[in-house]
Amino acid sequence: MKILPSSLREKKRYIAFKVITESGDPVDRKVLLDELYFATQTLLGDAGSSEIGYRLMDFDGIRGIMRVNHGAVELARAAIATVYVIKGTRAHIFISGVSGTIRAATEKYIVPENIASTNILSIQIRHGRMSGIAVREKGDEIDIVPDEREVLKRGNTRYLSLTSSDTVTNQQE
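Here is what the cut-offs are and how they apply
Residues numbered from 1 in each chain as written. Predicted model: local features only at pLDDT ≥ 70, side-chain atom pairs only at ≥ 80, totals over all residues. Heavy atoms only, no water. Helix = DSSP H or I, 4+ residues; strand = E, 2+ residues; numbered from the N terminus. Buried < 20%, exposed > 50% of the residue type's maximum accessible area, 1.4 Å probe, protein only. Contact = heavy atoms within 4.5 Å. Areas by Shrake-Rupley, 256 points an atom, 1.4 Å probe, with all protein chains shown as cover. Axes fitted to C-alpha atoms, helices over the stretch in contact; angles between N-to-C directions. Parallel < 35°, antiparallel > 145°, perpendicular 65-115°, else oblique. Left-handed = near helix turned anticlockwise from the far one by under 90°. Nonpolar A, V, L, I, M, F, W, Y, C, P; charged D, E, K, R; others polar. Pairing = 2+ DSSP bridges. Phe/Tyr/Trp six-rings, centres within 6.5 Å; stacked < 30°, edge-to-face > 60°.

1. Thoughts on the overall build of the protein chain
And then number 1: For the protein chain, the helix and strand inventory stands at five helices and nine strands.
And then number 2: The linear arrangement of helices and strands in the protein chain, starting from the amino end, is β-α-β-β-α-β-β-α-β-β-β-α-β-α.
And then number 3: Considering the protein chain as a whole, with its 173 residues, one finds that 28% of them fall into the buried category.
And then number 4: In the protein chain, the share of contacts with a sequence separation of at least 24, taken over all contacts with a separation of at least 6, comes to 52%.
And then number 5: Summed over its atoms, the accessible surface of the protein chain is roughly 11,800 Å², and 52% of this surface lies on carbon and sulfur atoms.

Written out as C-alpha cells, the structure is:
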C-alpha cells in the first residue's frame, strides 16, 4: 500500500495537558482514555467523536500530549473540559496549550519539575590552564566564557559548559 504524500495527509495538532486529581495520585493511561472517550461520546455523539481522532502520544500519569485533527481542536478542548471524574475521584484536565508538533508542545508546555534553577553569575575563574568568567550555574553545571576567545570562534559557540566532574579532573592535573 502506498503512503500518502504529506501534502495530502490530514494535518494534526498536539494538545499538552495536565491531569489534576483530588487525591493527587497519578492516573492510569487506559482509565484516562476511557473517561475521555466517554465524555466525547456524551457531548458530541458518534459523528463528533470520529471527527476528533484522538491519539494519546505521551502520558506519565500527570502530564501528557494528545494528538487531534487540525479542524477539531476546539471540539477536543470542549470534550476534555467535560471530564470531571476519573475512576471515581474528582479530577480536572488542565490544557497547557496547543501546538503543531510534538517537539514544540513538549518544549513550550511540558516543563520538567525536577530541573535545578539557574543562577546568573559574573565570577572570574582561574585554575591552572582554565580561566574565564562564570556566567551561569545550573545544578552541577557551570557555563563559562573563556578568556581565550579563539576557543569560542573555533567551536562556533558563545560559551563553554563544565560540570563538577570537569573541574575536579582539572584540579587533579
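There's plenty left to go through after this.
2. What about the packing of helix α1 (residues 29-52) against helix α2 (residues 73-81)?
And then number 1: Close contact between α1 and α2 brings their axes to 8 Å; oriented N to C, the two are set at 160 degrees. Taken together, α1 and α2 sit at an angle that is classed as roughly antiparallel. Here α1 runs over α2; the crossing is right-handed. The segment α1 lies against α2, with L36, A39, T40, L43, L44, E51 and I52 engaging L75, A76, A78, A79 and I80.
And then number 2: Taken together, the residues of the contact of α1 with α2 sort by class into ten nonpolar, one polar and one charged.

3. Quick look at unusual backbone geometry
And then number 1: Phi is positive for K87, which is not a glycine, with a value near 55 degrees.
And then number 2: Counting through the fold element by element, K87 comes out in the loop between β4 (85-86) and β5 (89-99).
And then number 3: Judged by its relative accessible area of 67%, K87 falls in the exposed class.

4. A closer look at the sheet that holds β5
And then number 1: Spatial ordering of the open sheet is given by β2-β3-β1-β5-β4, a layout of five strands whose pairing is antiparallel. One side of each edge strand has no neighbouring strand; the edge strands of this open sheet are β2 (55-59) and β4.
And then number 2: Bridge count for β4 against β5 is two bridges, and the pairing is antiparallel. Paired with V85 across the strands is R90, a residue of β5.
And then number 3: With respect to the sheet, α1 is in contact with β1 (12-21), β2, β3 (63-69), β4 and β5, its orientation differing from that of β2 by roughly 155 degrees.
And then number 4: Those strands touched by α2 are β1, β3 and β5, and its axis lies near 160 degrees from that of β5.

5. Things to note about the packing of aromatic side chains
And then number 1: This model, assessed by the stated rule, comprises two aromatic pairs.
And then number 2: On the basis of an interplanar angle of 20 degrees and a centroid distance of 5.8 Å, the ring pair of F17 and F59 is categorised as stacked. Within this pair, whereas F17 is found in strand β1, its partner F59 is found in strand β2, the two being separated by 42 residues in sequence. With respect to burial, F17 and F59 carry one shared label: buried.

Honestly, that's just the spatial picture; any functional story needs more than this.
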